[in-house]
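Descriptive analysis of the structure
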Number of protein chains: 2
Amino acid sequence: MRRSIVNDPENLVPEALEGLVLSNPLQLELHEQHRFVTRRERARNKVGLVSGGGSGHEPLHAGFVGAGMLDVAVAGAVFASPTALQVLEATKAADAGRGVVQIVKNYTGDVLNFRIAGEISGDDEIATEMVLVDDDLATDTGDEAGPGRRGTAATVIVEKLCGAAAEAGASLEEVADIGRRAASRARTMSLALSAGTHPGDDEPQFTLGDDEVELGVGIHGERAPERVPFTDADGLVELLVDPLRTELDLRRGEEVLAIVNGLGGTYPLELQLAYRALHHRLADSGISIVRRLVGSYVTSLDMHGISITLMPLGDEFRNLWDAPVRTPALTW
Amino acid sequence: MRRSIVNDPENLVPEALEGLVLSNPLQLELHEQHRFVTRRERARNKVGLVSGGGSGHEPLHAGFVGAGMLDVAVAGAVFASPTALQVLEATKAADAGRGVVQIVKNYTGDVLNFRIAGEISGDDEIATEMVLVDDDLATDTGDEAGPGRRGTAATVIVEKLCGAAAEAGASLEEVADIGRRAASRARTMSLALSAGTHPGDDEPQFTLGDDEVELGVGIHGERAPERVPFTDADGLVELLVDPLRTELDLRRGEEVLAIVNGLGGTYPLELQLAYRALHHRLADSGISIVRRLVGSYVTSLDMHGISITLMPLGDEFRNLWDAPVRTPALTW
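A brief look at the structure comes next. Note that this is a predicted model, so its numbers are computed, not measured.

Attention shifts here to the interface of chain B and chain A. Contacts between the two partners involve 55 residues from chain B and, on the opposite side, 55 residues from chain A. Between chain B and chain A, a total of about 4900 Å² is buried, with carbon and sulfur atoms accounting for 60% of that surface. On the chain B side of the contact with chain A, Arg3, Ile5 and Tyr267 of chain B bury the most area, a combined 19% of that side's loss. Applying the counting criterion to the chain B and chain A interface returns 6 salt bridges. A salt bridge links Arg2 of chain B to Glu270 of chain A; the nearest nitrogen and oxygen atoms lie 2.9 Å apart. If you look at where chain B meets chain A, you find 26 residue pairs in polar contact (both at pLDDT 80 or more). When residues of the side of chain B that touches chain A are traced back to their parent elements, those giving at least two are α1 (12-22), α6 (233-247), α7 (268-283), β11 (288-295) and β12 (304-312) of chain B.

Okay, the packing of aromatic side chains next. Here the structure, examined in full by the defined rule, presents 3 aromatic pairs over all chains. When the centroid spacing of 5.4 Å and the interplanar angle of 50 degrees are considered together, the rings of Trp321 of chain B and Trp332 of chain B count as tilted. Remark: Trp332 of chain B occurs in the segment after α8 (315-322) and Trp321 of chain B occurs in helix α8; sequence separation between them is 11 residues. Assessed through its relative accessible area of 2%, Trp321 of chain B is described here as buried. Residue class for Trp332 of chain B comes out partly exposed when judged on its relative accessible area of 26%. Here Arg3 of chain A stacks its cationic end above the ring of Phe230 of chain B, 4.8 Å away from the centre of that ring.

Here we come to the nonpolar core. Core analysis: the largest hydrophobic core is formed by 61 residues, its most contacted members being Val101, Val156, Leu161, Val175 and Met311 of chain B. For this core, the leading source of residues is helix α4 (residues 154-167) of chain B, giving 9 residues. Those residues within four positions of Met311 of chain B in sequence are excluded, and the remaining contacts are Ile157, Leu161, Ala182, Arg185, Ala186, Glu255, Val256, Leu257 and Phe317 of chain B. Grouped together as the second largest cluster of nonpolar side chains are 60 residues, Val13, Ala183, Tyr297 and Met311 of chain A included.

The next subject is the sheet that holds strand β6 (residues 128-133) of chain A. Residues and elements named next belong to chain A. Overall, mixed pairing links the 6 strands, which are arranged β1-β2-β4-β3-β5-β6 in an open sheet. The open sheet terminates on both sides in strands that have one partner only, identified here as β1 (28-31) and β6. Pairs of neighbouring strands in the sheet enclose a mean axial angle of 20 degrees, with direction left out of account. Pairing of strand β5 (residues 100-105) with β6, which is carried by 6 bridges, proceeds in the parallel orientation.

All names here are of chain B. Strand order in this open sheet of 6 strands is β9-β8-β7-β12-β10-β11, and the pairing throughout is mixed. Each of the sheet's edge strands pairs with one partner strand only, and the pair in question is β9 (226-229) and β11. Shown here is a sheet whose adjacent strand axes are inclined to one another by a mean of 20 degrees, direction ignored. Direction of pairing for strand β10 (residues 255-262) relative to β11: parallel, over a ladder of 7 bridges. Residue Ile259 lies in a different strand from β11, and its bridge partner there is Leu293. With respect to the sheet, α8 is in contact with β10, β11 and β12, its orientation differing from that of β11 by roughly 35 degrees.

So, on to a negative patch on the surface. On the surface, Asp201, Asp202 and Glu203 of chain A together with Asp210 and Asp211 of chain B cluster together into a patch of negative charge. In this fold, Asp210 of chain B is placed in the loop between β7 (187-194) and β8 (212-215).

Turning next to the side chain of Asp136 of chain A. Residue and element names in this part refer to chain A. Looking at where Asp136 falls in the secondary structure, it is placed in the loop between β6 and α4 (154-167). On the basis of relative accessible area, Asp136 is assigned to the buried category, the value being 0%. A polar atom in the side chain of Asp136 sits 2.8 Å from the side chain of Arg150. Excluding residues within four positions of it along the chain, Asp136 makes contact with Arg149, Arg150, Thr152, Thr188 and Val217.

Where a strand is regular, its side chains alternate between the two sheet faces. All names here are of chain A. Counting buried positions over the 9 residues of strand β12 (residues 304-312) gives 9, a clear majority of the element. Of the two faces of β12, both are covered, the one formed by His304, Ile306, Ile308, Leu310 and Pro312 as well as the one formed by Gly305, Ser307, Thr309 and Met311. In terms of strand pairing, strand β7 (residues 187-194) meets β12 through 7 bridges, oriented antiparallel. When the sheet's bridge partners are listed, Ser194 is paired in β12 with His304. Where strand β10 (residues 255-262) lies against β12, 7 bridges are found, and the strand directions are antiparallel. The partner of Val256 across the bridge, within β12, is Pro312.

Let us look at the side chain of Asn7 of chain B. With respect to the secondary-structure elements, Asn7 of chain B resides in the segment before α1. For Asn7 of chain B, the side chain forms a polar contact with the main-chain nitrogen of Ala233 of chain A, separated by 3.1 Å. Of the polar contacts made by the side chain of Asn7 of chain B, one reaches the backbone nitrogen of Asp234 of chain A; its length is 2.9 Å. Among residues more than four places away in sequence, those in contact with Asn7 of chain B are Asp232, Ala233, Asp234, Leu273 and Arg276 of chain A together with Glu15 of chain B.

Here the focus is the pattern of salt bridges. Residue and element names in this part refer to chain B. If you walk through the whole model with that rule in mind, you get 50 salt bridges over all chains. Glu129 is the salt-bridge partner of Arg180, the closest N and O atoms lying 2.8 Å from each other. Of the two residues, Arg180 sits in helix α5 (residues 172-185) while Glu129 sits in strand β6 (residues 128-133), which places them 51 residues apart along the sequence. Arg149 is the salt-bridge partner of Asp140, the closest N and O atoms lying 3.2 Å from each other. Residue Asp140 is classed as partly exposed on the basis of its relative accessible area of 32%. Taking the relative accessible area as the measure of exposure, Arg149 reaches 16% and is therefore buried.

Now for the relation of the copies chain B and chain A. Least-squares fitting of chain B to chain A yields an RMSD of 0.0 Å, with the transformation described by 0.0 Å of translation along the axis and a rotation of 180 degrees. On this basis, the relationship between the two copies can be described by a two-fold rotation axis. For chain B, the minimum C-alpha distance to the rotation axis belongs to Gly265 of chain B and amounts to 2.6 Å. A high fraction, 100%, of the interface residues of chain B reappear at the interface in chain A, so the copies pair face to face through one surface.

Another point: unusual backbone geometry. Across the junction of Glu58 of chain A and Pro59 of chain A, the peptide omega takes the value 10 degrees, indicating a cis bond. Within the secondary structure layout, Pro59 of chain A lies in the loop between β3 (48-55) and β4 (72-78). Along the chain, Leu60 of chain B connects to His61 of chain B via a cis peptide bond; the corresponding omega equals -5 degrees. Among the structural elements, His61 of chain B can be located in the loop between β3 (48-55) and β4 (72-78). Even without being glycine, Phe79 of chain B reaches a positive phi, approximately 60 degrees. Looking at where Phe79 of chain B falls in the secondary structure, it is placed in the loop between β4 and α2 (84-94). Residue class for Phe79 of chain B comes out buried when judged on its relative accessible area of 17%.

Parameters at a glance
Along each chain, the written sequence defines residue order, and numbers are assigned to residues from 1. Chain letters start at A and ligand numbers start at 1, both assigned in the order the entries are written. Whole-chain, interface and lining totals are the exception, using all residues; otherwise, since this is a predicted model, local features are given only for residues with pLDDT of at least 70 and side-chain atom pairs are given and counted only at 80 or more. Heavy atoms from the whole structure form the basis of all side-chain values; hydrogens and water molecules are not counted. What makes two residues a contact is simply this: any of their non-hydrogen atoms within 4.5 Å. Buried area adds together the accessible area that both of two parts lose upon being put together, with accessible area traced by a 1.4 Å probe. Here, a salt bridge means any side-chain nitrogen of Lys or Arg that lies within 4 Å of a carboxyl oxygen of Asp or Glu. Here a polar contact is recorded for every N or O atom pair within 3.5 Å, except that within protein the pair must consist of a potential hydrogen donor and a potential acceptor, and residues adjacent in sequence are included only if both atoms are side-chain atoms. Each helix is a run of DSSP H or I of at least 4 residues and each strand a run of E of at least 2, with the numbering of both proceeding from the N terminus. Under the pairing criterion, centres of Phe, Tyr and Trp rings, with the six-membered ring standing for Trp, must be within 6.5 Å; the plane angle then separates stacked pairs below 30 degrees from edge-to-face pairs above 60, leaving the rest tilted. Exposure classes here rest on a 1.4 Å probe applied to the protein chains alone. A residue is buried below 20% of its type maximum, exposed above 50%, and partly exposed in between. Only when the NZ of Lys or the CZ of Arg is both within 6 Å of the ring centre and within 35 degrees of the ring normal is a charge said to sit over the ring. The term nonpolar core refers to a set of buried residues drawn from Ala, Val, Leu, Ile, Met, Phe, Trp, Tyr and Cys, joined through side-chain atoms within 4.5 Å. Strands are labelled as partners when DSSP assigns at least two bridges between them. A fitted line through C-alpha atoms serves as each axis, taken over the contacting stretch for helices, and the angle formed by two N-to-C directions is quoted from 0 to 180°. Candidates for patches are residues over 30% relative accessible area with no salt bridge; among them, like charges are joined within 9 Å and nonpolar side chains (Val, Leu, Ile, Met, Phe, Trp, Tyr) within 5 Å. Here the accessible surface of atoms and residues is derived via Shrake-Rupley with a 1.4 Å probe, and residues count as covered only by protein chains that are part of the display. Counting rule applied: Lys, Arg positive; Asp, Glu negative; His and chain ends not counted. In this description, the location of a charge corresponds to atom NZ of lysine, CZ of arginine, CG of aspartate or CD of glutamate. A least-squares superposition brings the copies together, and it is based on the C-alpha atoms of residues with pLDDT no lower than 70 in both.

The following block contains the structure:
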């Protein structure tokens, strides 16, 4: 049984947002009614950026609100999309007169509600562009009629690159184009050694045998198509990086951006070992990680596991990645 | 059973240090033989700062190496002190000609080995001063002949304030004095809902009943003098903050620095709720949190729990706290 540090689980999301904003009083502002967080000092004369989705993935999304990244993040209940009304109000709040890019992880509810909000905000003469993040290679069925790949940790990359472009004065179309190109190039693979537990629940979302690893798990505790045998850090990382390298067709000499992401219950020593394994596995093929994040950025409650995200990095994206950012979860 | 993302547990610490340094290639340098991490660009003409201790508390200490904080961090095995020889070499590496402040958490092995290293480095004409961090209120027995209070999350405060003073050109004695005054004013209380598991072990360090909370737990999985009933986030936070407020004699109008720290297996939503509860509990008594950290900074493997650290904050310490810092785990 996993007990949680919560009050009434019904109040979890508003209380958590309040805690985040109280702990970043100069940077963030809470809009209680519609459960979104904005920069306290609104940006002017730039394209607005709004993102959001279900809670339980912290620091995504509200932890990425701030200069150089998001203007607004809107929060649904744990693993549930915010409503179209919430997204509409969040989109309006993100607008500074040059339109709003909506960054949306590819889940049916999120896509639907952001789309409705985008259409309605058009009636208020707010131009919107939606950038869909669909990086999860485990859900790549090749079936164009299907729901497509899920959106996971590449969301951080898309939010960062679009944020830098918007801050630099790019137009609505330019920011959206950068986001779409980033999303199209980044892929992620995830695995779990144990599932997360919903706050207030007694049991995790699924259980695994002592010799099993869930390869291709989703960030909402979705089961994977396969269970594979448990192995050591180097072996686990190979399970993630090898399919990514193949899918992205990474060749000798390639330079990449990498995210080694903890899924919530993974501790720093484990992430450091995973990064080491990733570095060597790619170096063995002549591929260099030239930029990286190592930490827990896109989580699934207290799921114990990791994801690895890779994206080839040229000059344009490298400059956008390196641009200053100042948010609760990412600062440089 | 908790499985870990490790290779051979015997190699855990060197591999983890390698991973950390590989992921911060411009900032950090690894000294393999003696298992310490330095800034890649050594500081000049300033007092050196070295810290360290057992592993398993990441990002402490190596995550705090960088401009405005530590020069060198030296790592023992999980929950075991680095040897006196390691500390000696780390102390030498920290010296830039103006002496070295050693920041040491109050544990017998650490104190002994840093003291021996300090004495021997004197033979090399390196002046050293030791700052002992002993903030854990749960181990305050009042017995002056005893081992004294353990050192926990206030270490981050001492490292930050000393780091800022050293960077600003303060002398060896001044930096040590700041560290000692900070350590004397900061107190911490911790609780756990479940213990951590040593990498490679099958079982956690201790187990609790579903209605039990370990109040006053140590960061090495030391049992606490008391088990108290499980309760909600607000109630758990009261168990920590009320004794701190009494001990520090915090009065209406007081301004404090607070750390809400996850112990390894605590996820962000829980920390946000804990910060919210702390804010309101102190505000009810007219006490303001004017600076804070909310995150997992001083961990105990994957222990599920939190600690709260409070320190009254005057102008001198506030300015040192606000000074720029650039390390893997703390940047502003």
